[in-house]
Amino acid sequence: TDAYLARIEKAKPLNAFITTTADKARDMAKASDTKLAKGEGGDLEGVPLGIKDLFCTEGVLTTAASHILDGFTPRYESTVTSNLWRDGAVCLGKLNLDEFAMGSSNETSFYGNVINPWRREGDDTALTPGGSSGGSSAAVAARLCAAATATDTGGSIRQPASLTNTVGVKPTYGRVSRWGIVAFASSLDQAGPVAQDVRDAAVMLKSMAGPDPKDSTCINRPVPDYEAVLGQSLKGMKIGVPKEYRLDGMPEEIEKLWAQGIDWMKDAGCEIVDISLPMTKYALPVYYIVAPAEASSNLARYDGVKYGHRAKDYTDILSMYENTRAEGFGDEVKRRILIGTYVLSAGYYDAYYLRAQKVRKKIFDEFTDAFSKVDLILTPSTPSAAFALGEKSDDPVQMYLNDVFTVTGNLAGLPGASVPAGYDKQGLPLGLQLLARPFDEETMFKGMYAIE
Ligand code: GLN
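Source: prediction; values computed, not measured.

1. Describing the overall build of the protein
Consideration 1: A count of helices and strands for the protein gives 14 helices and eleven strands.
Consideration 2: A compact globule built from 452 residues should have a C-alpha radius of gyration of about 22 Å, and the protein, at 21 Å, falls within 12% of that.
Consideration 3: Structurally, the protein occupies a C-alpha span of about 70 × 65 × 50 Å along its principal axes.
Consideration 4: Among the 452 residues that make up the protein, the fraction classed as buried is 54%.
Consideration 5: The long-range fraction of contacts in the protein, counting pairs at least 24 apart against all pairs at least 6 apart in sequence, stands at 76%.

Set out below in C-alpha coordinates:
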(Lines give C-alpha, C1' and ligand atoms only; values in the text may rest on other atoms or scores of the structure.)
Protein backbone atom coordinates (compact mmCIF):
# COMPACT_ATOMS: atom_id res chain seq x y z
CA THR A 1 0.00 0.00 0.00
CA ASP A 2 2.81 2.42 0.85
CA ALA A 3 4.53 1.63 -2.45
CA TYR A 4 1.37 2.35 -4.40
CA LEU A 5 0.74 5.58 -2.44
CA ALA A 6 4.28 6.69 -3.28
CA ARG A 7 3.75 5.94 -6.97
CA ILE A 8 0.45 7.87 -6.93
CA GLU A 9 2.32 10.90 -5.50
CA LYS A 10 4.95 10.66 -8.24
CA ALA A 11 2.39 10.21 -10.99
CA LYS A 12 0.30 13.28 -10.03
CA PRO A 13 0.71 14.79 -13.54
CA LEU A 14 -1.32 11.90 -14.99
CA ASN A 15 -4.30 13.23 -12.96
CA ALA A 16 -5.70 9.72 -12.55
CA PHE A 17 -7.02 10.23 -9.00
CA ILE A 18 -9.53 12.87 -7.91
CA THR A 19 -9.18 11.91 -4.23
CA THR A 20 -6.59 9.79 -2.49
CA THR A 21 -7.41 8.17 0.84
CA ALA A 22 -3.92 7.50 2.22
CA ASP A 23 -4.90 7.25 5.91
CA LYS A 24 -7.85 5.00 5.21
CA ALA A 25 -5.65 2.86 2.93
CA ARG A 26 -2.99 2.41 5.61
CA ASP A 27 -5.61 1.47 8.21
CA MET A 28 -7.19 -1.06 5.88
CA ALA A 29 -3.76 -2.47 4.97
CA LYS A 30 -2.85 -2.86 8.66
CA ALA A 31 -6.10 -4.72 9.31
CA SER A 32 -5.29 -6.98 6.36
CA ASP A 33 -1.77 -7.61 7.71
CA THR A 34 -3.24 -8.74 11.01
CA LYS A 35 -5.63 -11.12 9.25
CA LEU A 36 -2.98 -12.48 6.91
CA ALA A 37 -0.61 -13.06 9.85
CA LYS A 38 -3.28 -15.29 11.37
CA GLY A 39 -3.71 -17.12 8.08
CA GLU A 40 -7.12 -15.52 7.55
CA GLY A 41 -8.49 -13.12 4.95
CA GLY A 42 -10.45 -12.94 1.72
CA ASP A 43 -9.54 -13.34 -1.93
CA LEU A 44 -8.39 -9.71 -2.13
CA GLU A 45 -6.87 -9.40 1.32
CA GLY A 46 -4.47 -6.44 1.33
CA VAL A 47 -4.81 -5.74 -2.40
CA PRO A 48 -4.75 -1.95 -3.04
CA LEU A 49 -7.46 -0.80 -5.45
CA GLY A 50 -8.56 2.39 -7.14
CA ILE A 51 -12.30 3.14 -7.28
CA LYS A 52 -13.90 5.03 -10.15
CA ASP A 53 -15.40 8.15 -8.59
CA LEU A 54 -18.90 7.08 -9.65
CA PHE A 55 -19.15 4.53 -6.83
CA CYS A 56 -20.48 5.94 -3.57
CA THR A 57 -18.02 5.42 -0.74
CA GLU A 58 -19.12 6.07 2.81
CA GLY A 59 -17.37 9.11 4.30
CA VAL A 60 -15.27 9.65 1.16
CA LEU A 61 -15.98 12.47 -1.28
CA THR A 62 -17.80 11.15 -4.36
CA THR A 63 -17.86 13.55 -7.31
CA ALA A 64 -18.81 11.72 -10.55
CA ALA A 65 -16.25 14.26 -11.87
CA SER A 66 -19.01 16.88 -11.80
CA HIS A 67 -19.04 20.34 -10.25
CA ILE A 68 -22.67 19.73 -9.28
CA LEU A 69 -21.62 17.11 -6.71
CA ASP A 70 -19.18 19.45 -4.95
CA GLY A 71 -18.71 18.33 -1.38
CA PHE A 72 -20.99 15.28 -1.68
CA THR A 73 -19.88 12.71 0.88
CA PRO A 74 -22.17 9.68 0.86
CA ARG A 75 -23.35 8.13 4.11
CA TYR A 76 -23.53 4.75 2.42
CA GLU A 77 -21.29 2.41 0.49
CA SER A 78 -22.08 1.00 -2.96
CA THR A 79 -22.67 -2.75 -3.05
CA VAL A 80 -19.68 -3.28 -5.35
CA THR A 81 -17.22 -1.50 -3.06
CA SER A 82 -18.75 -3.18 0.04
CA ASN A 83 -18.12 -6.54 -1.62
CA LEU A 84 -14.51 -5.61 -2.35
CA TRP A 85 -13.83 -4.45 1.23
CA ARG A 86 -15.56 -7.61 2.53
CA ASP A 87 -12.97 -9.62 0.59
CA GLY A 88 -10.09 -7.62 2.07
CA ALA A 89 -9.28 -5.05 -0.62
CA VAL A 90 -7.66 -1.73 0.34
CA CYS A 91 -9.05 1.61 -0.90
CA LEU A 92 -6.33 3.90 -2.32
CA GLY A 93 -8.76 6.57 -3.51
CA LYS A 94 -11.23 7.71 -6.13
CA LEU A 95 -10.38 7.74 -9.81
CA ASN A 96 -11.04 10.40 -12.42
CA LEU A 97 -13.66 9.89 -15.17
CA ASP A 98 -15.70 11.78 -17.71
CA GLU A 99 -18.41 13.86 -16.01
CA PHE A 100 -21.19 11.43 -15.03
CA ALA A 101 -19.35 8.87 -17.21
CA MET A 102 -20.36 10.73 -20.39
CA GLY A 103 -17.46 10.65 -22.79
CA SER A 104 -14.81 8.52 -24.43
CA SER A 105 -11.65 10.44 -23.58
CA ASN A 106 -11.94 11.59 -19.96
CA GLU A 107 -11.90 15.17 -21.23
CA THR A 108 -15.35 16.09 -19.91
CA SER A 109 -14.21 15.73 -16.28
CA PHE A 110 -14.61 18.84 -14.13
CA TYR A 111 -11.29 17.77 -12.59
CA GLY A 112 -9.39 17.91 -15.88
CA ASN A 113 -8.31 15.28 -18.35
CA VAL A 114 -6.25 12.22 -17.51
CA ILE A 115 -3.04 11.47 -19.38
CA ASN A 116 -2.42 8.04 -20.84
CA PRO A 117 0.91 6.66 -19.57
CA TRP A 118 1.45 5.31 -23.11
CA ARG A 119 3.13 7.51 -25.74
CA ARG A 120 3.69 7.12 -29.48
CA GLU A 121 7.23 6.07 -30.25
CA GLY A 122 9.44 9.15 -30.64
CA ASP A 123 6.49 11.51 -30.07
CA ASP A 124 5.73 13.24 -26.79
CA THR A 125 2.13 14.22 -27.57
CA ALA A 126 -0.09 13.53 -24.56
CA LEU A 127 -2.74 10.93 -25.41
CA THR A 128 -6.11 10.12 -23.91
CA PRO A 129 -6.44 6.98 -21.79
CA GLY A 130 -9.98 6.63 -23.17
CA GLY A 131 -13.16 7.15 -21.26
CA SER A 132 -15.23 7.36 -19.38
CA SER A 133 -13.11 5.18 -17.08
CA GLY A 134 -9.89 7.01 -18.02
CA GLY A 135 -8.67 7.31 -14.44
CA SER A 136 -9.17 3.58 -13.94
CA SER A 137 -7.34 2.58 -17.11
CA ALA A 138 -4.47 5.06 -16.65
CA ALA A 139 -4.01 4.11 -12.99
CA VAL A 140 -3.88 0.39 -13.72
CA ALA A 141 -1.59 0.90 -16.74
CA ALA A 142 0.79 3.10 -14.71
CA ARG A 143 0.66 0.61 -11.81
CA LEU A 144 -0.85 3.17 -9.43
CA CYS A 145 -3.18 0.47 -8.11
CA ALA A 146 -3.32 -3.30 -8.46
CA ALA A 147 -6.70 -3.09 -10.18
CA ALA A 148 -9.63 -0.69 -10.40
CA THR A 149 -13.39 -0.60 -10.55
CA ALA A 150 -15.04 0.95 -13.59
CA THR A 151 -18.45 1.21 -15.25
CA ASP A 152 -19.55 0.57 -18.81
CA THR A 153 -22.70 2.14 -20.28
CA GLY A 154 -21.53 2.20 -23.88
CA GLY A 155 -17.96 0.95 -23.75
CA SER A 156 -16.43 2.86 -20.87
CA ILE A 157 -14.62 -0.17 -19.47
CA ARG A 158 -13.58 -1.84 -22.73
CA GLN A 159 -12.46 1.23 -24.73
CA PRO A 160 -10.13 2.66 -22.02
CA ALA A 161 -8.75 -0.85 -21.41
CA SER A 162 -8.01 -1.19 -25.12
CA LEU A 163 -6.21 2.17 -25.22
CA THR A 164 -3.98 1.42 -22.21
CA ASN A 165 -3.02 -2.26 -22.61
CA THR A 166 -5.17 -3.34 -19.69
CA VAL A 167 -7.93 -5.93 -19.35
CA GLY A 168 -11.47 -4.59 -19.01
CA VAL A 169 -14.60 -6.63 -18.34
CA LYS A 170 -18.19 -5.48 -18.72
CA PRO A 171 -20.33 -8.22 -17.22
CA THR A 172 -23.86 -9.20 -18.29
CA TYR A 173 -26.45 -6.61 -17.34
CA GLY A 174 -27.69 -7.79 -13.94
CA ARG A 175 -24.54 -9.66 -12.92
CA VAL A 176 -23.25 -6.82 -10.75
CA SER A 177 -25.37 -4.63 -8.49
CA ARG A 178 -25.79 -1.01 -9.54
CA TRP A 179 -26.80 0.05 -6.03
CA GLY A 180 -24.80 3.04 -4.84
CA ILE A 181 -23.33 3.78 -8.27
CA VAL A 182 -24.21 7.23 -9.60
CA ALA A 183 -26.71 6.46 -12.38
CA PHE A 184 -26.10 7.47 -15.99
CA ALA A 185 -28.38 5.27 -18.15
CA SER A 186 -29.88 2.68 -15.85
CA SER A 187 -30.81 0.07 -18.47
CA LEU A 188 -27.25 0.07 -19.84
CA ASP A 189 -24.96 0.74 -16.84
CA GLN A 190 -22.85 -2.17 -15.56
CA ALA A 191 -19.83 -2.14 -13.27
CA GLY A 192 -16.78 -4.28 -13.87
CA PRO A 193 -13.02 -4.40 -13.35
CA VAL A 194 -10.02 -2.93 -15.14
CA ALA A 195 -7.00 -5.10 -14.34
CA GLN A 196 -3.43 -5.83 -15.34
CA ASP A 197 -4.22 -9.31 -16.62
CA VAL A 198 -7.08 -11.72 -17.18
CA ARG A 199 -6.56 -13.59 -13.92
CA ASP A 200 -6.75 -10.39 -11.86
CA ALA A 201 -9.92 -9.42 -13.74
CA ALA A 202 -11.44 -12.82 -12.91
CA VAL A 203 -10.70 -12.46 -9.20
CA MET A 204 -12.01 -8.89 -9.16
CA LEU A 205 -15.26 -9.72 -10.95
CA LYS A 206 -15.94 -12.65 -8.64
CA SER A 207 -15.75 -10.28 -5.68
CA MET A 208 -17.74 -7.45 -7.29
CA ALA A 209 -20.60 -9.59 -8.64
CA GLY A 210 -23.51 -11.29 -6.95
CA PRO A 211 -27.18 -10.94 -6.04
CA ASP A 212 -28.30 -7.81 -4.22
CA PRO A 213 -31.79 -7.22 -2.85
CA LYS A 214 -31.14 -3.47 -3.14
CA ASP A 215 -31.03 -3.63 -6.97
CA SER A 216 -34.11 -5.24 -8.50
CA THR A 217 -32.31 -5.67 -11.85
CA CYS A 218 -29.46 -7.60 -10.21
CA ILE A 219 -30.07 -11.27 -10.88
CA ASN A 220 -30.31 -13.90 -8.20
CA ARG A 221 -27.70 -16.33 -9.51
CA PRO A 222 -24.60 -17.71 -7.85
CA VAL A 223 -21.31 -16.24 -9.08
CA PRO A 224 -19.07 -18.81 -10.76
CA ASP A 225 -15.36 -19.05 -10.02
CA TYR A 226 -14.05 -17.26 -13.10
CA GLU A 227 -10.46 -18.01 -12.17
CA ALA A 228 -11.12 -21.76 -12.22
CA VAL A 229 -11.87 -21.78 -15.97
CA LEU A 230 -8.64 -20.03 -17.04
CA GLY A 231 -6.50 -22.35 -19.12
CA GLN A 232 -9.34 -24.77 -19.91
CA SER A 233 -9.40 -26.01 -23.47
CA LEU A 234 -11.27 -24.07 -26.17
CA LYS A 235 -11.33 -27.08 -28.48
CA GLY A 236 -14.50 -27.26 -30.56
CA MET A 237 -15.69 -23.84 -29.51
CA LYS A 238 -17.31 -21.74 -32.22
CA ILE A 239 -16.13 -18.15 -32.62
CA GLY A 240 -18.30 -15.74 -34.59
CA VAL A 241 -16.74 -13.02 -36.72
CA PRO A 242 -19.35 -10.42 -37.71
CA LYS A 243 -18.71 -8.87 -41.11
CA GLU A 244 -20.50 -5.64 -40.16
CA TYR A 245 -17.68 -4.79 -37.74
CA ARG A 246 -15.32 -4.42 -40.70
CA LEU A 247 -15.63 -0.67 -41.15
CA ASP A 248 -14.65 1.38 -44.18
CA GLY A 249 -11.45 3.23 -43.48
CA MET A 250 -10.58 1.18 -40.44
CA PRO A 251 -6.81 1.36 -39.84
CA GLU A 252 -4.95 -1.56 -41.38
CA GLU A 253 -3.42 -2.39 -38.00
CA ILE A 254 -6.86 -3.04 -36.54
CA GLU A 255 -7.68 -5.39 -39.45
CA LYS A 256 -4.38 -7.19 -38.88
CA LEU A 257 -4.93 -7.49 -35.18
CA TRP A 258 -8.36 -8.96 -35.76
CA ALA A 259 -6.92 -11.51 -38.23
CA GLN A 260 -4.24 -12.33 -35.67
CA GLY A 261 -6.92 -12.93 -33.04
CA ILE A 262 -8.79 -15.22 -35.42
CA ASP A 263 -5.57 -17.22 -35.94
CA TRP A 264 -5.01 -17.51 -32.20
CA MET A 265 -8.52 -18.88 -31.81
CA LYS A 266 -7.95 -21.39 -34.62
CA ASP A 267 -4.68 -22.46 -32.98
CA ALA A 268 -6.60 -23.03 -29.75
CA GLY A 269 -8.85 -25.49 -31.60
CA CYS A 270 -11.82 -23.21 -32.26
CA GLU A 271 -13.94 -23.17 -35.35
CA ILE A 272 -14.36 -19.73 -36.94
CA VAL A 273 -17.86 -18.92 -38.16
CA ASP A 274 -18.65 -15.91 -40.34
CA ILE A 275 -21.75 -14.26 -38.99
CA SER A 276 -23.83 -11.27 -39.96
CA LEU A 277 -25.30 -8.69 -37.59
CA PRO A 278 -26.96 -6.25 -40.01
CA MET A 279 -28.54 -4.12 -37.27
CA THR A 280 -25.07 -3.07 -36.11
CA LYS A 281 -25.28 0.10 -38.18
CA TYR A 282 -28.15 1.32 -36.00
CA ALA A 283 -26.40 0.69 -32.71
CA LEU A 284 -24.74 4.10 -32.30
CA PRO A 285 -27.86 6.14 -33.18
CA VAL A 286 -29.98 3.94 -30.91
CA TYR A 287 -27.48 4.26 -28.07
CA TYR A 288 -27.28 8.05 -28.43
CA ILE A 289 -31.08 8.23 -28.07
CA VAL A 290 -31.59 5.71 -25.26
CA ALA A 291 -28.60 6.76 -23.12
CA PRO A 292 -29.38 10.52 -23.14
CA ALA A 293 -33.09 9.81 -22.54
CA GLU A 294 -32.31 7.84 -19.39
CA ALA A 295 -29.59 10.31 -18.38
CA SER A 296 -31.97 13.28 -18.62
CA SER A 297 -34.30 11.51 -16.22
CA ASN A 298 -31.57 10.33 -13.83
CA LEU A 299 -29.96 13.76 -13.69
CA ALA A 300 -33.21 15.51 -12.77
CA ARG A 301 -32.36 14.86 -9.11
CA TYR A 302 -29.46 17.35 -9.13
CA ASP A 303 -31.39 20.48 -8.29
CA GLY A 304 -29.32 22.15 -5.59
CA VAL A 305 -31.55 20.81 -2.82
CA LYS A 306 -30.33 17.31 -2.05
CA TYR A 307 -26.71 17.07 -3.17
CA GLY A 308 -23.57 19.08 -3.65
CA HIS A 309 -23.47 22.45 -5.34
CA ARG A 310 -26.13 25.18 -4.96
CA ALA A 311 -25.99 28.47 -6.88
CA LYS A 312 -25.39 31.54 -4.70
CA ASP A 313 -27.51 33.92 -6.78
CA TYR A 314 -31.22 33.25 -7.14
CA THR A 315 -34.54 34.96 -6.50
CA ASP A 316 -36.93 32.04 -6.12
CA ILE A 317 -36.83 28.25 -6.14
CA LEU A 318 -37.06 28.01 -9.91
CA SER A 319 -34.10 30.29 -10.49
CA MET A 320 -32.23 28.36 -7.81
CA TYR A 321 -32.75 25.13 -9.79
CA GLU A 322 -31.88 26.81 -13.07
CA ASN A 323 -28.75 28.57 -11.87
CA THR A 324 -27.53 25.53 -9.97
CA ARG A 325 -27.88 23.29 -13.02
CA ALA A 326 -26.44 25.91 -15.37
CA GLU A 327 -23.35 26.28 -13.17
CA GLY A 328 -23.05 22.67 -12.05
CA PHE A 329 -23.21 20.68 -15.29
CA GLY A 330 -20.56 20.74 -18.00
CA ASP A 331 -21.25 21.10 -21.74
CA GLU A 332 -21.40 17.39 -22.59
CA VAL A 333 -23.81 16.66 -19.75
CA LYS A 334 -26.02 19.56 -20.85
CA ARG A 335 -25.94 18.26 -24.43
CA ARG A 336 -27.14 14.84 -23.21
CA ILE A 337 -29.91 16.39 -21.11
CA LEU A 338 -31.09 18.42 -24.10
CA ILE A 339 -31.06 15.41 -26.43
CA GLY A 340 -32.72 13.25 -23.79
CA THR A 341 -35.55 15.63 -22.96
CA TYR A 342 -36.10 16.23 -26.68
CA VAL A 343 -36.44 12.54 -27.61
CA LEU A 344 -38.76 11.98 -24.66
CA SER A 345 -40.98 14.97 -25.29
CA ALA A 346 -44.58 14.60 -26.47
CA GLY A 347 -44.64 14.54 -30.25
CA TYR A 348 -41.11 13.16 -30.56
CA TYR A 349 -41.33 10.20 -28.20
CA ASP A 350 -42.74 7.82 -30.84
CA ALA A 351 -40.42 9.00 -33.58
CA TYR A 352 -37.21 8.74 -31.56
CA TYR A 353 -37.37 7.04 -28.19
CA LEU A 354 -39.96 4.37 -28.95
CA ARG A 355 -38.43 3.60 -32.32
CA ALA A 356 -34.97 3.35 -30.74
CA GLN A 357 -36.32 0.86 -28.18
CA LYS A 358 -37.79 -1.24 -30.98
CA VAL A 359 -34.49 -1.29 -32.84
CA ARG A 360 -32.75 -2.14 -29.59
CA LYS A 361 -34.93 -5.24 -29.32
CA LYS A 362 -33.99 -6.18 -32.88
CA ILE A 363 -30.30 -5.84 -32.01
CA PHE A 364 -30.89 -8.14 -29.04
CA ASP A 365 -32.76 -10.68 -31.20
CA GLU A 366 -29.99 -10.66 -33.76
CA PHE A 367 -27.43 -11.48 -31.07
CA THR A 368 -29.67 -14.22 -29.65
CA ASP A 369 -29.82 -15.75 -33.11
CA ALA A 370 -26.03 -15.44 -33.56
CA PHE A 371 -25.41 -17.09 -30.20
CA SER A 372 -27.47 -20.09 -31.30
CA LYS A 373 -24.64 -20.72 -33.78
CA VAL A 374 -21.52 -19.51 -31.96
CA ASP A 375 -20.16 -19.48 -28.40
CA LEU A 376 -18.25 -16.19 -28.56
CA ILE A 377 -18.02 -13.22 -30.91
CA LEU A 378 -14.60 -11.74 -31.65
CA THR A 379 -14.17 -8.13 -32.82
CA PRO A 380 -11.72 -5.27 -32.35
CA SER A 381 -12.42 -3.28 -29.16
CA THR A 382 -11.96 0.15 -30.71
CA PRO A 383 -11.73 1.61 -34.21
CA SER A 384 -8.37 3.26 -33.42
CA ALA A 385 -5.56 3.37 -30.89
CA ALA A 386 -5.26 6.16 -28.29
CA PHE A 387 -5.68 9.60 -29.83
CA ALA A 388 -4.24 12.96 -28.79
CA LEU A 389 -5.90 15.00 -26.07
CA GLY A 390 -7.99 17.70 -27.72
CA GLU A 391 -8.11 15.86 -31.06
CA LYS A 392 -11.80 15.01 -30.90
CA SER A 393 -13.07 17.10 -28.02
CA ASP A 394 -14.66 19.74 -30.27
CA ASP A 395 -16.53 17.21 -32.39
CA PRO A 396 -19.04 15.14 -30.40
CA VAL A 397 -19.92 12.92 -33.37
CA GLN A 398 -16.27 11.95 -33.90
CA MET A 399 -16.07 11.19 -30.19
CA TYR A 400 -19.24 9.06 -30.30
CA LEU A 401 -17.76 6.98 -33.16
CA ASN A 402 -15.26 5.55 -30.67
CA ASP A 403 -18.06 3.47 -29.22
CA VAL A 404 -19.05 1.77 -32.47
CA PHE A 405 -17.88 -1.73 -31.44
CA THR A 406 -18.84 -1.56 -27.79
CA VAL A 407 -22.36 -0.05 -27.55
CA THR A 408 -23.99 -3.15 -29.07
CA GLY A 409 -23.02 -5.18 -25.99
CA ASN A 410 -24.73 -2.67 -23.69
CA LEU A 411 -27.86 -2.41 -25.81
CA ALA A 412 -28.21 -6.21 -25.76
CA GLY A 413 -27.04 -6.55 -22.13
CA LEU A 414 -24.28 -8.99 -23.11
CA PRO A 415 -21.00 -9.58 -21.32
CA GLY A 416 -18.03 -8.12 -23.19
CA ALA A 417 -14.34 -7.78 -22.52
CA SER A 418 -11.30 -6.12 -24.01
CA VAL A 419 -7.97 -7.95 -23.85
CA PRO A 420 -4.59 -6.49 -24.86
CA ALA A 421 -3.69 -8.09 -28.19
CA GLY A 422 -1.00 -6.06 -29.95
CA TYR A 423 0.37 -2.68 -30.94
CA ASP A 424 -0.04 -0.26 -33.81
CA LYS A 425 2.83 1.04 -35.94
CA GLN A 426 3.65 3.67 -33.36
CA GLY A 427 3.79 1.20 -30.52
CA LEU A 428 0.40 2.01 -29.04
CA PRO A 429 -1.61 -0.83 -27.51
CA LEU A 430 -4.73 -2.27 -29.14
CA GLY A 431 -7.33 -4.61 -27.68
CA LEU A 432 -9.61 -7.32 -29.00
CA GLN A 433 -13.17 -7.64 -27.80
CA LEU A 434 -15.01 -10.84 -26.93
CA LEU A 435 -18.78 -10.87 -26.51
CA ALA A 436 -20.57 -13.82 -24.93
CA ARG A 437 -24.07 -15.13 -24.20
CA PRO A 438 -25.86 -13.51 -21.27
CA PHE A 439 -24.42 -14.78 -17.96
CA ASP A 440 -21.77 -16.85 -19.75
CA GLU A 441 -18.79 -14.86 -18.50
CA GLU A 442 -17.01 -18.17 -17.91
CA THR A 443 -16.74 -18.93 -21.63
CA MET A 444 -15.69 -15.34 -22.19
CA PHE A 445 -12.88 -15.67 -19.61
CA LYS A 446 -11.68 -18.90 -21.28
CA GLY A 447 -11.45 -17.03 -24.59
CA MET A 448 -9.79 -14.01 -22.98
CA TYR A 449 -7.11 -16.21 -21.47
CA ALA A 450 -6.36 -17.69 -24.92
CA ILE A 451 -5.90 -14.19 -26.38
CA GLU A 452 -3.69 -13.07 -23.50
N1 GLN B 1 -18.68 6.99 -24.57
C2 GLN B 1 -20.01 6.62 -24.25
C3 GLN B 1 -20.80 7.83 -23.82
O4 GLN B 1 -20.25 8.87 -23.81
C5 GLN B 1 -20.01 5.56 -23.20
C6 GLN B 1 -19.86 6.04 -21.83
C7 GLN B 1 -19.91 4.96 -20.82
O8 GLN B 1 -19.85 3.77 -21.15
N9 GLN B 1 -20.06 5.35 -19.57
O10 GLN B 1 -21.95 7.76 -23.53
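2. Topic: the packing of helix α6 (residues 198-208) against helix α14 (residues 441-451)
Consideration 1: Axis separation between α6 and α14 bottoms out at 10 Å; the angle between their running directions is 160°. The angle between α6 and α14 falls in the class roughly antiparallel. Judged by the sense of rotation from one axis to the other, the crossing of α6 with α14 is right-handed. On α14, the residues that touch V198, A202 and L205 of α6 are E441, F445, M448 and Y449.

3. Considerations on the site of the ligand
Consideration 1: Taken together, 14 residues surround the ligand, and among them A101, S104, T153, G154 and S156 come closest.
Consideration 2: Residue classes in the shell around the ligand are distributed as four nonpolar, eight polar and two charged.

4. Examining the pairing of strand β3 (residues 90-95)
Consideration 1: Across the six residues of β3, six count as buried, placing the element largely inside the fold.
Consideration 2: Pairing of strand β1 (residues 17-20) with β3 involves three bridges; the strand directions are antiparallel. Paired with F17 across the strands is L95, a residue of β3.
Consideration 3: Strand direction decides the pairing type here: strand β2 (residues 48-52) and β3, joined by five bridges, are parallel. Residue pairing for β3: P48 is matched across the bridge by V90.

5. Looking at the pairing of strand β7 (residues 238-242)
Consideration 1: Summarising the sheet, β7 and strand β8 (residues 271-275) pair through five bridges and their orientation is parallel. When the bridges of β8 are listed, I239 appears paired with I272.
Consideration 2: The handedness of the β7 to β8 crossover, carried by helix α7 (residues 252-267), is right-handed.
Consideration 3: Looking at chain direction, β7 and strand β9 (residues 376-380) are connected through two bridges and run parallel. Across the sheet, G240 pairs through a bridge with I377, a residue of β9.

6. Brief notes about the nonpolar core
In summary, soluble globular proteins display a tendency toward joint burial of nonpolar side chains.
Consideration 1: Counting 126 residues, the largest nonpolar core has L49, A139 and C145 as the members making the most contacts within it.
Consideration 2: A total of nine residues in this core trace back to one element, the largest contributor, which is helix α8 (residues 283-298).
Consideration 3: Setting aside anything within four residues of it in sequence, one finds L49 in contact with L84, A89, V90, C91, L92, C145, A146, A147, A148 and T149.

7. Regarding helix α11 (residues 349-370)
Consideration 1: End to end, α11 covers 30 Å across 22 residues, agreeing with the expected 32 Å (1.5 Å per residue, within 8%).
Consideration 2: Of all bends in α11, the biggest is about 30°, found at R355.
Consideration 3: Buried residues of α11: Y353, A356, R360, I363, E366 and F367, and no others.
Consideration 4: Buried-residue contacts for α11 involve α8, α10 (331-344) and α13 (407-412).

Procedures and definitions
- Residues numbered from 1 in each chain as written.
- Predicted model: local features only at pLDDT ≥ 70, side-chain atom pairs only at ≥ 80, totals over all residues.
- Helix = DSSP H or I, 4+ residues; strand = E, 2+ residues; numbered from the N terminus.
- Rg over C-alpha atoms; globule rule 2.2 N^0.38 Å.
- Buried ≥ 20, exposed ≤ 12 C-beta atoms within 10 Å, placed from the backbone.
- Contact = placed C-beta atoms within 7 Å.
- Axes fitted to C-alpha atoms, helices over the stretch in contact; angles between N-to-C directions.
- Parallel < 35°, antiparallel > 145°, perpendicular 65-115°, else oblique.
- Left-handed = near helix turned anticlockwise from the far one by under 90°.
- Near = placed C-beta within 6 Å.
- Nonpolar A, V, L, I, M, F, W, Y, C, P; charged D, E, K, R; others polar.
- Pairing = 2+ DSSP bridges.
- Right-handed = clockwise from strand over helix to strand, strands pointing away.
- Core = buried A, V, L, I, M, F, W, Y, C linked by C-beta atoms within 7 Å.
- Expected span 1.5 Å × (residues − 1).
- Bend = angle between axes of the 7 residues up to and from the residue.

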